[in-house]
Amino acid sequence: PPAAGDASATTDGAGPSATIELVLHNQHGLHARPAARLVDTVRRFDAEVNVRNVTTDGPLVSGHSVSALSTLGALTGHRVEVRASGRHAREVLAAVAAIVGRNFDEGVRTAGPGSERVAEAVPLHGPVAAAPGIGIGPKVSLGAAILEVADRGVGEPDVERERLLAAVTRARKEIGATREQVASAVGEHDAAIFDAHLLLLEDDDLVGAALTVIDEGDVAADRAWRQAVDALAGRFGDLADPYLRARADDVRSVGDQVLAHLLGVELDAVDTA
């Protein structure tokens, strides 16, 4: 069967809670795209959701964080424990079990033959990382020096926070526009990778971490952002599975788009083919 598990439920003063164990059967486990689908699912319910990789005896992480879920190292065949509490605890677990049972709808394509060739023709701005086997946009070469974070004067924390949040908002709009282009050209399946990118820009392990650095230290927004991106990309880089490890490129791609706005750099695509 695509998923299997044991469910239990309790009720306490904080409201109902429930737990279920499921087996992952999709090709690469809980990588960025299925993690984004899982986050999108749990956000529809009034419930707190946490997930743990039972197979590796990993930590319990938030089911609302695409980065935390992606770095669990949950591969195909692994068992994951999903815990939920709150008004919709049972309902959210039923929805999670359903999407895991459908293998996160992976492998479902709406575009016809030759969709990859269409994808290569979609005009984009800036670097875009996508899943292996999907060529999206022209090749670009930014060069490390272009996005170099230099020493500069640091504004008040509120000013630096606003700088960062404005850059994140601009990057989110760009990625959203790219998602629409790709969905129109090759279908929702290939465009879904950008849902993970968009969720990264709402993730406490990335945006929240950068804001904490700004609040706790005399650090400019661009340097705080680079620090948070490097830390999260490093977590992906430490994973044993090469497919999950390669998702560090997605983190850096999203990070570069935000950093470019912070530095005032235009990421015009440059054909290097």
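As a reminder, the structure under discussion sits directly above these lines.
Note that this is a predicted model, so its numbers are computed, not measured.

## Quick look at the environment of A18
Tracing the backbone shows A18 in strand β2 (residues 15-23). By relative accessible area, A18 is classed as buried at 6%. Taking C-alpha positions, A18 is 9.7 Å from V49, a pair spaced 31 residues apart along the chain.

## Comments concerning the pairing of strand β3 (residues 48-53)
Pairing geometry for β3 and strand β5 (residues 79-85), over six bridges, is antiparallel. In the strand pairing of β5, N53 is matched with V80. Where β3 folds back on strand β4 (residues 60-62), the antiparallel hairpin that results is connected by six residues, among which D57 adopts a positive phi of roughly 55 degrees.

## Some remarks on the nonpolar core
For soluble globular proteins, the rule of thumb is that nonpolar side chains tend to be buried together. Among the nonpolar cores identified, the biggest contains 71 residues, and L69, L164, W225 and V258 are the most heavily contacted of them. Among all residues touching W225, those that are not within four sequence positions of it are L164, V168, L201, L206, V207, A210, G255, V258, L259 and L262.

## What to know about the packing of helix α9 (residues 221-237) against helix α11 (residues 248-263)
Where α9 contacts α11, the two axes come as close as 9 Å, and the packing angle between them is 175 degrees. In terms of axis orientation, α9 runs roughly antiparallel to α11. Across from A221, D222, W225, R226, V229, D230, L232, A233, F236 and G237 in α9, the residues of α11 making contact are A248, V251, R252, G255, V258, L259, L262 and L263. A per-class count over the contact of α9 with α11 returns twelve nonpolar, two polar and four charged.

## A word on the side chain of H261
As for its placement among the helices and strands, H261 is situated in helix α11. Non-local contacts of H261, meaning those with residues more than four positions away in its chain, are made with A167, R170, A171 and E174.

## Details of α11
Relative to the 22 Å expected for 16 residues at 1.5 Å per residue, α11 spans 22 Å between its end C-alpha atoms, a close match to the ideal helical length. By the burial criterion, the buried members of α11 are A248, D250, V251, S253, V254, G255, Q257, V258, L259, A260, H261 and L262. Directly after α11, the chain includes G264, whose backbone phi takes a positive value near 75 degrees.

## Side note on a negative patch on the surface
On the surface, E156, D158, E162 and D218 cluster together into a negatively charged patch. Here E156 is to be found in the loop between α4 (115-120) and α5 (157-186). Overall, the relative accessible area of 58% leaves E156 in the exposed class.

## Looking at the side chain of D203
Among the secondary structure elements, D203 is positioned in the loop between α7 (193-200) and α8 (204-216). Buried within the structure, D203 lacks any salt-bridge partner; R235 is the closest side chain of opposite charge, at an N-O distance of 6.8 Å. For D203, the side chain forms a polar contact with the side chain of S65, separated by 2.9 Å. Side-chain polar atoms of D203 contact the side chain of S67, separated by 2.9 Å. If we skip the residues at most four places from it in the chain, D203 touches S65, V66, S67 and G208.

## A look at the packing of α5 against α7
The interhelical angle for the contact between α5 and α7, taken along N-to-C directions, is 170 degrees, at an axis separation of 9 Å. As far as their axial angle goes, α7 and α5 are roughly antiparallel. The segment α5 lies against α7, with R172, I175, G176, T178, R179 and V182 engaging F194, D195, H197 and L198. In terms of residue class, the contact of α5 with α7 is made up of four nonpolar, three polar and three charged.

## Notes on the environment of S70
You can see S70 is positioned in helix α2 (residues 66-70). Between the alpha carbons of S70 and A32 there is a distance of 5.6 Å; along the sequence they are 38 residues apart. S70 has contacts with L30, H31, A32, A35, F236, L239 and L244, leaving out every residue within four places of it along the chain.

## Topic: the packing of aromatic side chains
Ring pairs (aromatic) are described by centroid distance and by the angle formed between their planes. Counted by the stated rule, this structure contains zero aromatic pairs. Taking NZ or CZ as reference, R247 lies 5.0 Å from the ring centre of Y243, over its face.

## As for unusual backbone geometry
Notably, D57 is not glycine yet its phi reads approximately 55 degrees, a positive angle. Mapped onto the secondary structure, D57 falls in the loop between β3 and β4. D57 sits in the exposed class, given a relative accessible area of 61%. The phi dihedral of F104 falls on the positive side, at around 60 degrees, and the residue is not glycine. Along the chain, F104 falls in the loop between α3 (89-101) and α4.

What counts, and where the lines are drawn
- All chains use their own residue numbering, which begins from 1 and follows the written sequence.
- Selection of residues for local features in this predicted model requires a pLDDT of at least 70, selection of side-chain atom pairs for listing and counting requires 80 or more, and totals for whole chains, interfaces and linings are taken over all residues.
- To get the side-chain values, all heavy atoms of the structure are used, and hydrogens and water are removed first.
- Only runs of H or I of at least four residues qualify as helices and only runs of E of at least two qualify as strands under DSSP, and these elements are numbered from the N terminus.
- Summary of the burial criterion: residues with accessible area below 20% of their type's maximum are buried, those above 50% are exposed, and those between are partly exposed, where the area comes from a 1.4 Å probe applied to protein chains only.
- Whether two strands pair comes down to DSSP finding at least two bridges between them.
- We define the nonpolar core as a collection of buried residues of types Ala, Val, Leu, Ile, Met, Phe, Trp, Tyr and Cys that are connected through side-chain atoms lying within 4.5 Å of one another.
- Here, residues are in contact when the closest pair of their heavy atoms is within 4.5 Å.
- Axis definition: a line fitted to C-alpha atoms, limited for helices to the stretch in contact. Angles are taken between N-to-C directions and run from 0 to 180 degrees.
- Roughly parallel refers to an angle under 35 degrees, roughly antiparallel to one over 145, roughly perpendicular to one between 65 and 115, and oblique to any angle outside these ranges.
- Each residue gets one label: Ala, Val, Leu, Ile, Met, Phe, Trp, Tyr, Cys and Pro are nonpolar, Asp, Glu, Lys and Arg are charged, and the others, such as Gly, are polar.
- A helix is expected to span 1.5 Å multiplied by its residue count minus one.
- Put simply, a patch holds well-exposed residues, over 30% relative accessible area, that have no salt bridge, with like charges counted together within 9 Å and Val, Leu, Ile, Met, Phe, Trp or Tyr side chains within 5 Å.
- With residues, only the protein chains shown are counted as cover, and all accessible areas are computed by Shrake-Rupley using a 1.4 Å probe.
- Salt bridge, as used here: a side-chain nitrogen of Lys or Arg that lies within 4 Å of a carboxyl oxygen of Asp or Glu.
- Neither His nor the chain ends is counted toward charge; the positive residues are Lys and Arg and the negative residues Asp and Glu.
- Note that the charge is assigned to NZ on lysines, CZ on arginines, CG on aspartates and CD on glutamates.
- Under the rule applied, a polar contact is a pair of N or O atoms within 3.5 Å (in protein, one hydrogen donor and one hydrogen acceptor; residues adjacent in sequence only if both atoms are side-chain atoms).
- Only Phe, Tyr and Trp rings are paired, with Trp represented by its six-membered ring, and only when their centres lie within 6.5 Å; those with planes under 30 degrees apart are stacked, over 60 edge-to-face, the remainder tilted.
- Only lysine NZ and arginine CZ atoms are considered, and such an atom sits over a ring when it is within 6 Å of the ring centre and within 35 degrees of the ring normal.

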